[in-house]
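Here are the chains, one letter per residue:
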Amino acid sequence: MLWTVLLALLVLLLLQTHLSVCLRELRSGVSSSPASISSSSPSSSSPPSSSSNNATQQRQPGAIIIGVRKGGTRALLEMLNLHPDVEVAKAEVHYFNVEEHYRRGLAWYKTQMPFTLPGQLTVEKTPGYFAAPQVPARVWAMNPAVRLLLIVRDPAERLVSDYTQVLHNRLTRHKPYLPLEELLLNEGRIDPGYKALHRSLYHQHLARWLEVFPMDQIHVVDGDALIKDPFPELRKAERFLNLPPKISPNNFYYNTTKGFYCLLSAGHDKCLDESKGRPHAPLSTQAFKKLCRYFRKPNKLFFEMVGRSFPWC
Ligand code: A3P
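- Within an unreviewed UniProt entry, the label attached to the protein chain reads Sulfotransferase, and the organism entered is Cynoglossus semilaevis.
- The record in UniProt for the protein chain states the following under Sequence similarities (unreviewed entry): "Belongs to the sulfotransferase 1 family."

What follows is the structure, encoded as structure tokens:
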């Protein structure tokens, strides 16, 4: 009797090993297929991609894109997803910054993640993490070794992009919204109370992360450079994430209609949706200059923190 049970267990073990080898082979066959690219679309309502059907387990992320909002977080996530060893959470999870989600615990968080094989890297992006004070300690509590990616962009441009997104959301819900200049200026001077302005004060938010994480665990991606030429930024991100260099310049092509780089894999292409790279709401040159002047000192503080500078206005 005991021998029969032992034999059955042995057969089961062999079957499991065989299955996991098959899955790995299947996975490497589809990793750069169009399915794995289109499955990462934020607005996609399609069923799980074949790669997730064939994979084994949902795991907590080994890397998180923490921000900044409107910095190019979606582009970075989609581009990282080109790598065969990376799987990404399609939607923003807002686990660490939304109390209702955080209360659900890590088990719930994991259910928001893609299925992966051992050795694959899970990545999620929630730009709201960067400016939320409670988040750094919570991320650390989950995994003090997690790698953090922060994609930044000229803070003045980011602010206008932020405003444009809110304006667009309000208009689609048939709600009115004040012109940017009215929100930004108070008696001709920059109003520090404007929320989108506060989100562009990168040094303040980064200071909170640096109370918890060392700087070498945070990789700063240049969002403006990613727009102009994505490949060099992706190569640096691969290096930071300890990934073998698999993403190549051939994974990108400039789409003249969109005015941005789009992704190319196995002969199939994908551009980010129309909410990314849309025309910005108008702002007078005078107001924009005031904005640039306002950010000069905060930018300097940010450059000191990250040990490099950016050609911002
Ligand atoms: P704009 O819409 O202001 O141009 P996020 O994904 O964090 O919301 O950032 C959106 C920004 O990503 C866009 O801001 C756009 O400039 C930038 N971006 C970077 N690379 C892009 C790409 N290849 N296609 C579209 N947008 C891209």
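## Some remarks on the nonpolar core
Then, number 1: Residues Ile64, Tyr109, Tyr129, Trp209 and Phe302 are the most contacted members of the largest nonpolar core, which totals 31 residues.
Then, number 2: Other than its neighbours up to four places away in sequence, tyrosine 109 contacts Pro61, Ile64, Val93, Tyr95, Phe96, Glu124, Tyr129 and Met142.

## Description of the sheet that holds strand E11 (residues 260–265)
Then, number 1: Taken together, three strands build an open sheet; the order of strands is E10-E11-E12 and the sheet is antiparallel. The outermost strands of the open sheet, each flanked by one partner alone, are strand E10 (252–255) and strand E12 (268–270). Geometrically, the sheet is characterised by an average inter-axis angle of 35 degrees between neighbouring strands, direction not taken into account.
Then, number 2: Across three bridges, E11 lies against E12 in antiparallel orientation. Across the sheet, residue leucine 264 finds its bridge partner in E12, namely aspartate 269.

## Remarks on the packing of aromatic side chains
Then, number 1: For the structure on display, the rule yields 19 aromatic pairs.
Then, number 2: Members of the aromatic cluster, each reached through a chain of ring pairs, are Tyr95, Phe96, Tyr102, Trp108, Tyr109 and Tyr129.
Then, number 3: The ring of tyrosine 102 has arginine 138 lying over it, and the distance from NZ or CZ to the ring centre is 3.9 Å.

## As for the pairing of E10
Then, number 1: Bridge count between E10 and E11: four bridges; the pairing is antiparallel. Looking at E11, one finds that tyrosine 254 is bridged to tyrosine 261.
Then, number 2: Between E10 and E11, which pair antiparallel in sequence order, lie four residues; one of them, glycine 259, sits at a positive phi of approximately 80 degrees.

## Structural notes on the packing of helix H11 (residues 202–210) against helix H14 (residues 285–306)
Then, number 1: Orientation of H11 relative to H14, taken along the N-to-C sense of each, is 30 degrees, at an axis distance of 8 Å. As far as their axial angle goes, H14 and H11 are roughly parallel. On H14, the residues touching Tyr202, His203, Leu206, Ala207 and Leu210 of H11 are Pro298, Leu301, Phe302, Met305 and Val306.
Then, number 2: Considered class by class, the residues forming the contact of H11 with H14 number nine nonpolar, one polar and no charged.

## Considering the packing of helix H8 (residues 155–172) against H14
Then, number 1: Where H8 meets H14, the axes come as close as 9 Å, and the angle between the chain directions of the two elements is 125 degrees. Between H8 and H14, the angle falls in the class oblique. Residues Pro155, Ala156, Glu157, Leu159 and Val160 of H8 form the contact with H14, whose participating residues are Phe288, Leu291, Cys292, Phe295 and Asn299.
Then, number 2: Taken together, the residues of the contact of H8 with H14 sort by class into eight nonpolar, one polar and one charged.

## A few points about the pairing of strand E5 (residues 121–125)
Looking down a regular strand, the side chains alternate between one sheet face and the other.
Then, number 1: Within E5, five of the five residues are buried, which leaves the element mostly enclosed by the surrounding structure.
Then, number 2: Of the two faces of E5, the one carrying Leu121, Val123 and Lys125 and the one carrying Thr122 and Glu124 are both buried.
Then, number 3: Note that strand E2 (residues 63–67) and E5 share three bridges and pair parallel. In the sheet register, isoleucine 64 faces E5, and the bridge partner there is glutamate 124.
Then, number 4: Pairing of strand E3 (residues 86–88) with E5, which is carried by three bridges, proceeds in the parallel orientation. Bridging from a neighbouring strand, glutamate 87 pairs with threonine 122 of E5.

## Re the pattern of salt bridges
Then, number 1: All chains considered together, the criterion is met by eleven salt bridges.
Then, number 2: Here glutamate 233 makes a salt bridge to lysine 236, at a shortest N to O gap of 2.8 Å. One end of the pair is glutamate 233 and the other is lysine 236, both in helix H13 (residues 230–240) and three residues apart, which spans about a single turn.
Then, number 3: Look at lysine 236 and you get partly exposed, because its relative accessible area is 33%.
Then, number 4: Glutamate 304 is the partner of lysine 300 in a salt bridge, and the nearest nitrogen-oxygen pair spans 3.7 Å.

## Description of the state of the cysteines
Then, number 1: Evaluation of the coordinates by the stated rule reveals two disulfides.
Then, number 2: One disulfide bridge connects cysteine 262 with cysteine 271, the sulfur atoms lying 2.1 Å from each other. On the sign convention where negative is left-handed, the bridge of cysteine 262 and cysteine 271, at about 100 degrees about the S-S bond, is right-handed.
Then, number 3: Here cysteine 271 falls in the partly exposed class, since its relative accessible area comes to 25%.
Then, number 4: With a sulfur-sulfur separation of 2.1 Å, cysteine 292 is cross-linked through a disulfide to cysteine 313. Judged by the torsion about the S-S bond (-100 degrees), the cysteine 292/cysteine 313 disulfide is left-handed.

Calculation notes
Residues numbered from 1 in each chain as written. Predicted model: local features only at pLDDT ≥ 70, side-chain atom pairs only at ≥ 80, totals over all residues. Heavy atoms only, no water. UniProt positions renumbered as here; feature names shortened; annotations may be inferred. Core = buried A, V, L, I, M, F, W, Y, C linked by side-chain atoms within 4.5 Å. Buried < 20%, exposed > 50% of the residue type's maximum accessible area, 1.4 Å probe, protein only. Contact = heavy atoms within 4.5 Å. Pairing = 2+ DSSP bridges. Helix = DSSP H or I, 4+ residues; strand = E, 2+ residues; numbered from the N terminus. Axes fitted to C-alpha atoms, helices over the stretch in contact; angles between N-to-C directions. Phe/Tyr/Trp six-rings, centres within 6.5 Å; stacked < 30°, edge-to-face > 60°. Lys NZ or Arg CZ within 6 Å of the ring centre and 35° of its normal. Parallel < 35°, antiparallel > 145°, perpendicular 65-115°, else oblique. Nonpolar A, V, L, I, M, F, W, Y, C, P; charged D, E, K, R; others polar. Salt bridge = Lys/Arg side-chain N within 4 Å of Asp/Glu carboxyl O. Disulfide = S-S within 2.5 Å.

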